[in-house]
Amino acid sequence: MSRLVVISNRIADPRKPAAGGLAVALGETLSRTGGMWFGWSGTITEDGVPGEGKLQTRQAGGVTLATVDLCQEDHDSYYAGYSNSVLWPVFHYRLDLADFNAGYIAGYRRVNQMFARKLLPLLKDDDILWVHDYHLIPLAAELRALGCKQRIGFFLHIPVPPPLIMAAIPQHEWLMRSLFAYDLVGLQSEADVSHFTQYLRTEGGAESVGPQRLRAFGGTVQVGAFPIGIDVDEFSRLTAAPDAVQTYEAMKNEYSRRRLLMGIDRLDYSKGIPQRVRAFRELLARYPENQHSATLIMIASPTRDSVNAYADLRHELEGLCGAINGDHGDLDWMPVRYIHRTVARKRVPGLCRASAVGLVTPLRDGMNLVAKEYVAAQDPEDPGVLVLSRFAGAAEQMKEALLVNPYDTQGMADCIQTALRMPLAERQQRHQALMDRIRRHDIHWWRRTFLEALEKAQD
Ligand SMILES: O=P(O)(O)OC[C@H]1O[C@H](O[C@H]2O[C@H](CO)[C@@H](O)[C@H](O)[C@H]2O)[C@H](O)[C@@H](O)[C@@H]1O
Ligand SMILES: O=c1ccn([C@@H]2O[C@H](COP(=O)(O)OP(=O)(O)O)[C@@H](O)[C@H]2O)c(=O)[nH]1
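Described in the following lines is the structure provided in the data block.

Cut-offs used in this document
- Residues numbered from 1 in each chain as written.
- Chains lettered and ligands numbered in written order.
- Predicted model: local features only at pLDDT ≥ 70, side-chain atom pairs only at ≥ 80, totals over all residues.
- Axes fitted to C-alpha atoms, helices over the stretch in contact; angles between N-to-C directions.
- Helix = DSSP H or I, 4+ residues; strand = E, 2+ residues; numbered from the N terminus.
- Parallel < 35°, antiparallel > 145°, perpendicular 65-115°, else oblique.
- Contact = placed C-beta atoms within 7 Å.
- Nonpolar A, V, L, I, M, F, W, Y, C, P; charged D, E, K, R; others polar.
- Near = placed C-beta within 6 Å.
- Left-handed = near helix turned anticlockwise from the far one by under 90°.
- Buried ≥ 20, exposed ≤ 12 C-beta atoms within 10 Å, placed from the backbone.
- Pairing = 2+ DSSP bridges.
- Expected span 1.5 Å × (residues − 1).
- Core = buried A, V, L, I, M, F, W, Y, C linked by C-beta atoms within 7 Å.
- Right-handed = clockwise from strand over helix to strand, strands pointing away.

So, the packing of helix α10 (residues 273–286) against helix α11 (residues 308–328)
At a closest axis distance of 10 Å, the pairing of α10 and α11 adopts a crossing angle of 10°. Judged on the interaxial angle alone, α11 and α10 are roughly parallel. Across the interface between the two elements, I273, P274, V277, R281 and L284 of α10 pack against E316, L317, L320, C321, I324 and H328 of α11. Split into classes, the residues belonging to the contact of α10 with α11 amount to eight nonpolar, one polar and two charged.

Here it is in structure tokens:
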């Protein structure tokens, strides 16, 4: 059987809590299949030479972890720069936050070339390569240029914007053309496939040459939607494990007289956190019965803090939470518990299960695994209610959640009130339907269907 080689910028460090769905999902996938995981070590070296990171390999169970360091200059131009100040904001429809600094692209190309150079000697002839996410769009083209013949699939974890937004990236054509070096391009949702296809038609004159196969830019590419899932059984086990049970009991005890609402995200502007907190403030104002009762636990895990837009967001959120607590709080009740730390993964299910409402309200999100984890952690006899943004990739599958528009503060407050008052029978019904869906399309389904499609993709 062929070995699976997964390549992503972020790899899970078993010594640290993993905040970020990609690392969580790929960790779970590889623990099943074994193979190799290649990516950035997470280390930034101060005296390194650009394009020359040190390669290290180590064994973690059945998985070989192969990592390279980045020097400060590469980190700033490739990761913080082109990946997270150009591609991330534009793909999340935030042209206003993009920084089209002309210097970033050189670092992006340099690191992709370095990854290709370091990876190639580690490969066996019949390996299957699976490259992940926007940091590594040109990796297959770089590998092909060095003679790599293995099958290579690509999966994009973030949304694809409509063509005219994509076209704002100065190098958009080069980027999209690079995708033709892959045998298969996987996206999170049908909406993403539709945007990608529209882009190729309008900018590359694409024509269909088979089911989900397009010809453009002088080549052909196979495209498909493969919505990522969670490991439902593993998450259920985690929910029943001592750490999660202890967290659940501690929360129930501490907030016995309150109704808990929770949000847990990286502190990212795509996640709609200030909008969510404003909707919560509106809930307290419009429905005063929630005063002294509703309590929002808002975990905002630190992320990408060297990028300005993230530091600005932190200030905004801290001001907002402080103002709500100042205006509405009392000696025995603080409406918002804002926590700017990463919560260990083993405690996440306990927090989810103790919360009557799970708030997953991104302005735009590739998928959002928290939405699925919240559902998986519930007690089926007395489940909480998921309030989900219609702009999360997860909304395409999770129709039985209460879907909201996160830009509509009043609408979101009304929806939270509906969630808080929802009768038990309806909560059970919705939960059961959502569980069926996340079980059918779990992480194993995702890996299997993608890899089967990759195997079948024409040369
Ligand atoms: O690696 P970081 O810069 O610390 O960021 C964490 C990850 O964020 C993004 O996650 C995405 O993947 C999830 C799983 O498919 C998906 O549910 C979510 O909607 C996406 O935002 C990013 O795409 C990853 O590359 C990062 O590792
Ligand atoms: O403090 C935190 C914040 C997040 N997470 C986990 O990080 C992942 C976030 O993935 P998601 O797809 O929701 O969003 P991303 O951060 O990848 O954009 C989920 O598994 C969360 O449970 C965590 O373990 N601790």
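What about the site of ligand 1?
The environment of ligand 1 is made up of 17 residues, and the closest members are G20, G21, H157, G366 and M367. For the shell around ligand 1, the leading source of residues is helix α1 (residues 21–33), giving four residues. When grouped by side-chain class, the residues that make up the shell around ligand 1 number seven nonpolar, six polar and four charged.

Here's the deal with the packing of α10 against helix α14 (residues 409–421)
Here α10 crosses α14 at 65°, and the two axes come no closer than 8 Å. Regarding the angle of α10 to α14, the classification is roughly perpendicular. Viewed along their axes, α10 and α14 form a crossing whose handedness is right-handed. Across from R278, A279, E282, L283 and R286 in α10, the residues of α14 making contact are T409, Q410, M412, A413, I416 and Q417. Considered class by class, the residues forming the contact of α10 with α14 number five nonpolar, three polar and three charged.

Observations concerning helix α13 (residues 369–376)
Of all eight residues making up α13, eight are buried, and the element is well covered by its neighbours. All of the buried residues along α13 are L369, V370, A371, K372, E373, Y374, V375 and A376.

Some words on the pairing of strand β10 (residues 219–225)
Relative to β10, strand β7 (residues 184–187) runs parallel, the two being bridged by three bridges. Note on β10: the bridge partner recorded for V185 is V223. In this sheet, β10 lies alongside strand β9 (residues 213–216) in antiparallel orientation, the contact comprising four bridges. Among the inter-strand pairings, R215 is bridged to a residue of β10, identified as T220. In this structure, the hairpin formed by β9 and β10 is closed by a connection of two residues, where F217 is found at a positive phi of approximately 50°.

Digging into unusual backbone geometry
Trans peptide bonds make up the majority, and among non-glycine residues the majority have a negative phi. Backbone geometry at F217 places phi at a positive 50°, although glycine is not the residue there. Within the secondary structure, F217 is located in the loop between β9 and β10. Look at R304: it is not a glycine, yet its phi comes out positive at around 40°. You can see R304 is positioned in the loop between β12 (294–301) and α11.

Considering α10
Taking 1.5 Å of rise per residue, the 14 residues of α10 would be expected to cover 20 Å, and the 20 Å separating its terminal C-alpha atoms lies within 8% of that figure. Within α10, burial applies to I273, Q275, R276, V277, A279, F280, R281, L283 and L284. Summarising the contacts, the buried residues of α10 are in contact with β11 (259–266), β12, α11, β13 (336–339), β14 (357–360) and α14.

So, the sheet that holds strand β15 (residues 385–389)
Either a parallel or an antiparallel arrangement is found when strands of a sheet pair, and the pairing is made through backbone hydrogen bonds. The sheet built from six strands is open, its strands ordered β13-β12-β11-β14-β15-β16 with parallel pairing. The open sheet has two edge strands, β13 and β16 (402–404), and neither has a second partner. On average, each strand axis in the sheet is inclined to that of its neighbour by 20°, with strand direction left out of account. Inspection of the sheet shows β11 paired to β12 by eight bridges, in the parallel sense. Its bridge partner lying in β12, R266 is registered against S301. The strands touched by α11 within the sheet are β12 and β13, with β13 carrying the most contacts at an inclination of about 155°.

Points about the sheet that holds strand β5 (residues 128–132)
If you walk across this open sheet you meet the ten strands as β3-β4-β2-β1-β5-β6-β7-β10-β9-β8, and the pairing is mixed. Two strands lie at the open edges of the sheet, namely β3 (55–60) and β8 (207–210), each paired on one side alone. Neighbour to neighbour, the strand axes of the sheet diverge by 30° on average, direction disregarded. Relative to strand β4 (residues 63–71), helix α2 (residues 72–91) is tilted by about 100°, and along the sheet it contacts β1 (4–10), β2 (35–45) and β4. With respect to the sheet, helix α7 (residues 190–204) is in contact with β7, β9 and β10, its orientation differing from that of β10 by roughly 160°.

A short note on the nonpolar core
A general tendency of soluble globular proteins is for nonpolar side chains to be buried together. Of all hydrophobic cores here, the largest spans 142 residues; its most connected members are L386, V387, L388 and I416. Apart from the residues within four sequence positions on either side, L386 is in contact with G358, V360, A371, Y374, V375, A401 and L434.

Examining the environment of G210
One can find G210 in strand β8. In this structure G210 comes out as exposed when scored by C-beta crowding, with 10 C-beta atoms within 10 Å. Remark: the alpha-carbon pair of G210 and T220, spanning ten residues in sequence, is separated by 10 Å.

A closer look at the environment of I228
Tracing the chain through its elements places I228 in the loop between β10 and α8 (232–240). Accessibility expressed as a C-beta count within 10 Å gives 27 for I228, which makes it buried. In this structure, the C-alpha to C-alpha distance between I228 and G411, residues 183 residues apart in sequence, is 28 Å. What I228 contacts, discounting residues up to four positions off in sequence, is A25, Q188, M367 and W446.

Section: the pairing of β15
Of all five residues in β15, five are buried, a share of seventy percent or more. The alternating pattern of β15 places V385, V387 and S389 on one face and L386 and L388 on the opposite face, and all of these are buried. As judged from the four bridges shared by β14 and β15, these two strands associate in the parallel manner. In the sheet register, V360 faces β15, and the bridge partner there is L388. Remark: the β14/α13/β15 crossover connection has right-handed handedness.

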